[in-house]
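# Residue-level structure breakdown
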Amino acid sequence: MSAARRLRQPLPGAQPRIRFEMPPEHEAEAGTEARFGSPGPRMSAQHPLYMGFMGTVGVGFALLVYWIGSNTTQLLLWIITALFITLGLDPVVRWLERRNVPRAAGILLSVSTLALGVAAFFATLIPTIVQQVTQIVQQAPKWVQDFIDSEFFRSVDSQFGIRDRISQELEKFVNNPDAMGGIFGGVVGFGSTVANGLFGALIVLVLSLYFLGALPAMKKWGYRLAPRSRRARVEALSEEITGSVGNYVIGQAAVALLNATFAFIVMSIIGVPFATLLAFVVALLAFIPLVGGMIAGFLVTLVALTAGWQTALVFAICYFAYLQFEAYFISPRIMQKAVAVPGAVAVISVIAGGSLLGVLGALIAIPTAAAIMLLVKEILIARQDSR
């Protein structure tokens, strides 16, 4: 017991770590004098020196922000992805907090569950993908030979001399050192892309942990930037937006999982080749709202044509019927606490987000559109109605 008490005692001469604390909200009303004195009067905004200086500072700051943004695009994408994951896991952490689980333990539990789920998914998926890709590579020469031996290729070759032309191009390619160097560079570039992807995943995971732990303090700091008279309204709007985004992320993940599970079951029953790989593709595309499920259905139908038109027809009927069932029965119940965006606005926002940021932009397009619509409704329209 004495040894335990000694271990709990601070080390001699040790000082607590300095933290950047938020000042009291009503410090001025408490009558206490500020540590560094009271701020003096501001310079008049109409003063020529003030106008010229602030104009120059504004232009310089805008150029600085543009330069930083153009040179840190990858980092900004990682930060946006981490914030998106944070807002998706925050409802789970708060749900655990309401059941007397400490926030730190809830964060560790939720992030560990997500990481283990993703790791188990890829550990199951990667061997299957390697096996099926190996089968494709092994069968590719047979497919090419069957095509060369077909009557269609023979008739076209007799008219245009395609076989000789292909042989000449292959010989030029093999004897061209630049082309062979390009192949080597492509292999190196692929390895670099994989390494950057793993490093980015690690950065996103670490940022998500920090953001989840600091999210209440981040919100508090953000609310303190607003004037005190409008702080309650800003807090209410921000909580509504962040809550809707979190519910959207969780709901979209559940919809994508159900979509991929149904597609995998149907593909396994009717014998569509590469069912596991295609189920993974369906799960990724289903995260893209509105159009992702349709694109996945068309891709899998095209692959199913290799097993026969009957197989492709059966899959298309089952999958597109499920998409209708999902749109009218599953999604409304799962997404009832998430965002509500009109169809035209959703389509336009998804296309715009995908054009700007790719898949990530398409994922965050609808929550962003919902946030903008909420702000327009509660601020702009409310101000116009009051006039």
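Residues numbered from 1 in each chain as written. Predicted model: local features only at pLDDT ≥ 70, side-chain atom pairs only at ≥ 80, totals over all residues. Heavy atoms only, no water.

Further remarks concern the overall build of the protein chain. Helix and strand counts for the protein chain come out as 13 helices and zero strands. Each helix (α) and strand (β) of the protein chain, taken in turn from the N terminus, gives the series α-α-α-α-α-α-α-α-α-α-α-α-α. The buried share of the protein chain, reckoned over its 387 residues, is 26%. In the protein chain, of all internal contacts separated by at least 6 residues, the share reaching a separation of at least 24 is 67%. Counting only carbon and sulfur atoms, one obtains 70% of the accessible surface of the protein chain, whose full area is about 26,700 Å². (Helix = DSSP H or I, 4+ residues; strand = E, 2+ residues; numbered from the N terminus. Buried < 20%, exposed > 50% of the residue type's maximum accessible area, 1.4 Å probe, protein only. Contact = heavy atoms within 4.5 Å. Areas by Shrake-Rupley, 256 points an atom, 1.4 Å probe, with all protein chains shown as cover.)

Another aspect to go through is the side chain of K219. Checked against the element boundaries, K219 lands in helix α7 (residues 177–224). The contacts of K219, once residues within four sequence positions are left out, are D90, E239 and T242.

What follows deals with the pattern of salt bridges. What the rule picks out here adds up to five salt bridges. R94 is the partner of D90 in a salt bridge, and the nearest nitrogen-oxygen pair spans 3.1 Å. Placement of the pair is D90 and R94 together in helix α3 (residues 73–97), with a separation of four residues, close to one helical turn. Among the residues examined, D90 registers a relative accessible area of 5% and is labelled buried. Take R94: its relative accessible area is 29%, and that puts it in the partly exposed class. We note a salt bridge from D90 to R103, for which the minimum N-O separation is 3.1 Å. Separated by 13 residues along the polypeptide, D90 in helix α3 and R103 in helix α4 (residues 103–149) bring together distant segments of the chain. A single network of salt bridges, built from pairs that share partners, joins D90, R94, E97, R103, K219 and E239. (Salt bridge = Lys/Arg side-chain N within 4 Å of Asp/Glu carboxyl O.)

This part is about helix α10 (residues 292–304). Relative to the 18 Å expected for 13 residues at 1.5 Å per residue, α10 spans 18 Å between its end C-alpha atoms, a close match to the ideal helical length. What α10 keeps buried is the set G292, G293, A296, G297, V300, T301 and A304. Seen along its axis, α10 keeps its buried residues to an arc of 160°; they face one direction. Along α10, the residues that are exposed and aim more than 90 degrees away from the buried face are F298 and L302. Buried residues along α10 sit in contact with α8 (231–270), α9 (275–286) and α11 (309–334). (Expected span 1.5 Å × (residues − 1). Arc of directions from axis to C-beta.)

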